[in-house]
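# Tertiary structure, described
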Amino acid sequence: MGTEPTVIVIAGPTASGKTDLAIALSQKLDAPIISADSRQVYRELDVGVARPSSEQLAAAPHHLIGYVGIEEPYSAGRWARDARAVLDASFAETRTCIIAGGSGLHVQSLLDGLPVMPEVPVEIRQHFHAVYVERGLLNLQAALRQRDPAYAEVVDLANPHRLMRALAAMEASGETFTALRARPRTPLPYRQRWVIMEPPRHMLYDRIGARVEGMLARGLVEEACRLYDLRHLDALQTIGYRELWPVFDGEATLTEATERIKHSTRQYARRQTTWNQRLSGLRLTQPEIDTTVAYVTNGEARVERD
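One structure accompanies this document, and this report is about it.

All right, on to the pairing of strand E1 (residues 6–11) then. For E1, the tally of buried residues reaches six of six residues, placing the bulk of the element in the interior. Burial of E1 is two-sided: the residues Thr 6, Ile 8 and Ile 10 facing one way and the residues Val 7, Val 9 and Ala 11 facing the other way are all buried. Judged from the five bridges that link them, E1 and strand E4 (residues 96–100) form a sheet pairing that is parallel. Paired with Ile 8 across the bridge in E4 is Ile 98. Sheet topology places E1 next to strand E5 (residues 191–197); six bridges connect them, and they run parallel. Across the sheet, residue Ile 10 finds its bridge partner in E5, namely Val 195.

The following block contains the structure:
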């Protein structure tokens, strides 16, 4: 391993084996792991976000897991700043750090750098959230098309949180969100090695099904029940929780909710796979420790297949 600080980024769809590979590499390379999961940051969320088990957390040093309250606003930008602080501190003691998680937007925000965004007062965020609750997604879409048609062409218009964030930032700054996104960025100055997990679809779907069943066995329903009164929060508009709210409301059975969780997770995995197609790096159909270490070391590795 050279002396240049290196960030290993392990990407891949949910349930593809990122956590196990990250722990194995951490132990082999004496490298800390930074979680790039947009929901595992919350203290109150555990089973439903597939947080690493206590045994996994003890097997390797982990950062950015379970450290903010569920009612705190938490964005990709804040995660990028927090992750950068961990990297800078870690590289004073080690030459390698690992980032593992399924949030491509979070990782991109860290590696490519973020434009400086305006501070948005709480009352502005609350206003647009109220607009969404009272008038629905179509109203947000119409407002965004009117104020920033260029951004409306590229944003996921089915994601209300992205729309509310853009509208709030424009309200606070007086600029279009397109202009805000074009502000200067400072890319991460460390060498990067990307490892992209790409298990066969049938294998991935089997793993997703087993994971959901495992969550239920570990107390997902009980965890969701404890969080029911907070279900309006953005953090709980999450696969694994949102499908259970109708069960508590008497509008669905647990069997129906379970199938919806599996279906939603498979859809999410497909979106992650599509996002990852743009990435360059070592692509693995299953975790391969020695191949990955060789790739991290010299930037080149061949994966032999029968």
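What follows deals with helix H8 (residues 160–173). Helix length check: H8 (14 residues) gives 20 Å between terminal C-alpha atoms against 20 Å at 1.5 Å per residue, within 8%. Taken together, the buried positions of H8 are Pro 160, Leu 163, Met 164, Ala 166, Leu 167, Ala 168, Ala 169 and Met 170. For H8, the side-chain oxygen to backbone nitrogen distance between the N-cap and His 161 is 3.0 Å, and the N-cap itself is Asn 159. A positive backbone phi angle near 80° is found at Gly 174, which sits one or two residues after H8.

About the thresholds
Residue positions are given per chain, counting from 1 as you read along its sequence in written order. With pLDDT at 70 or above as the cut-off, local features in this predicted model cover only qualifying residues; side-chain atom pairs require 80 or more to be listed or tallied, and sums for whole chains, interfaces and linings still use all residues. Think of the side-chain values as coming from all heavy atoms in the structure, minus any hydrogens and water. Burial classes: relative accessible area under 20% of the type maximum marks a residue as buried, over 50% as exposed, and values in between as partly exposed (1.4 Å probe, protein chains only). Strands here mean DSSP runs of E at least two residues long; helices mean DSSP runs of H or I at least four residues long; both are numbered from the N terminus. For two strands to be treated as a pair, DSSP must find at least two bridges joining them. An expected span of 1.5 Å times one less than the residue number is assigned to each helix. Pairing of N or O atoms within 3.5 Å defines a polar contact, subject to two protein rules: one partner must be a possible hydrogen donor and the other a possible acceptor, and residues neighboring in sequence count only if both atoms are side-chain atoms.

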